[in-house]
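Letter by letter, the chains look like this.
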Amino acid sequence: MLIRVINPNTTRSMTEKIGASAQRVAAPGTRIIAVNPDSGPVSIESHFDEAISAVGVAEEVRKGERDGTDAYVIACFGDPGLLAARELTRAPVIGIAEAAFHLATMIATRFSVVTTLGRTGIIAEHLLQSYGFAHHCRRVRAAEIPVLDLEDDGACALERIVAECRRAKAEDGIGAIVLGCGGMADLADEIREAVGLPIVEGVTAAVKLAETLVSLRLGTSKHGDLAFPPAKRFTGQFEHLSAQPGS
Ligand code: 2AL
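Residues numbered from 1 in each chain as written. Predicted model: local features only at pLDDT ≥ 70, side-chain atom pairs only at ≥ 80, totals over all residues. Heavy atoms only, no water.

Overview of the site of the ligand
Condition: Residues are labelled near a given molecule or strand when at least one of their non-hydrogen atoms is within 4 Å of it. Counting of polar contacts relies on pairs of N or O atoms within 3.5 Å, with two restrictions inside protein: one atom must be capable of donating a hydrogen and the other of accepting it, and residues adjacent in sequence are counted only when both atoms are side-chain atoms. Put simply, Ala, Val, Leu, Ile, Met, Phe, Trp, Tyr, Cys and Pro go in the nonpolar bin, Asp, Glu, Lys and Arg in the charged bin, and everything else, Gly too, in the polar bin. What fixes the domain bounds is an automatic or database domain assignment.
Taken together, the residues surrounding the ligand are Asn9, Ser43, Ile44, Cys76, Phe77, Thr115, Thr116, Thr120, Val147, Gly180, Cys181 and Gly182. Measuring from a nitrogen atom of the ligand, one finds a side-chain N or O atom of threonine 115 at 3.0 Å. At 2.8 Å from an oxygen atom of the ligand is found a main-chain nitrogen or oxygen belonging to glycine 182. Grouping the constituent residues of the shell around the ligand by class yields five nonpolar, seven polar and no charged. When residues are assigned to domains, the shell around the ligand turns out to be shared by domain 1 (2-95 + 204-241) and domain 2 (97-202), each giving three or more.

What to know about the domain arrangement of the protein chain
Definition in use: Buried area: the accessible surface (1.4 Å probe) lost by two parts on joining, summed over both. Here, a salt bridge means any Lys or Arg side-chain nitrogen found within 4 Å of an Asp or Glu carboxyl oxygen.
When cut into domains, the protein chain gives domain 1 (2-95 + 204-241) and domain 2 (97-202). In this structure, domain 1 and domain 2 have C-alpha centres spaced 22 Å apart. The contact between domain 1 and domain 2 buries some 2200 Å² in all, and 62% of this surface belongs to carbon and sulfur atoms. The largest share of the area that domain 1 buries against domain 2 comes from Lys17, Glu45 and Phe77, three residues that together contribute 34% of it. With its nearest N and O atoms 3.8 Å apart, the salt bridge here joins aspartate 186 to lysine 17.

So, the sheet that holds strand β4 (residues 93-95)
Put simply, the rule reads: Strand pairing is assigned whenever DSSP detects at least two bridges linking the two strands. A run of DSSP states H or I qualifies as a helix once it reaches four residues; a run of E qualifies as a strand once it reaches two. Both are numbered from the N-terminal end. Axis definition: a line fitted to C-alpha atoms, over the contacting stretch in the case of helices. Angles run 0 to 180 degrees between N-to-C directions. Any two residues having at least one pair of non-hydrogen atoms within 4.5 Å are treated as being in contact.
Spatially, four strands are ordered β2-β1-β3-β4 in an open sheet, and the strand pairing comes out parallel. Each of the sheet's edge strands pairs with one partner strand only, and the pair in question is β2 (31-35) and β4. Across this sheet, the average inter-strand angle for adjacent strands is 20°, counted without regard to direction. As paired elements, strand β1 (residues 2-6) and β2 share five bridges and run parallel to each other. Across the sheet, residue isoleucine 3 finds its bridge partner in β2, namely isoleucine 32. Strands β1 and β2 of the sheet are contacted by helix α1 (residues 12-25), whose axis makes an angle of about 165° with β2.

Next up, the structure:
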């Protein structure tokens, strides 16, 4: 089974970290390819960053279709371009936020999210609403860490995330915590150890859900709104996204 894990930002070191976390939980027969777009923001922490990154996600799905990909994971907590990506393939496409929310509700009645910057909290809140998980989430918290500080050993990211998780445990009346950034994938075990609560991390959750869907032969439905988009010509810098085989 081939799972293409797409880090929607262009920071290669984060893509490698995400790929290693994905491979660590993958079944023996699963091969992970971790990729990121060639162009776009180095980190995603605004609505604007998300909008631009969604084009890169679509490009990576188109590339994956040429490689026989069995499933895709979108490894950014805003799940940028998720529905567009689903339109482009019959394979399952899983966003890390939706994967983490689903699993959190199966192990706890209430959870909180601990994300990077406060200003990106609204992105998680919108997803909780649109996916129907808002009633399960007590609070979206932020450790106030810029995404790229997760790549900087001197930034004390782990300590700051643990401190916020401990506040969530003490104040929110929750049974689990969802980590709110793909760049936190390598920290989940240490955070779990330090906080003493189930910590749901989206990259690993999405890989296991992708494996489940593939093994059950469940792919993205092509009946209805997730059918391939209408063939048409794109112009200018997006000409390469014009009608493709299979669409
Ligand atoms: C993210 C994420 O997961 N990757 C990134 O660049 N930005 N989202 C976030 N809330 O920090």
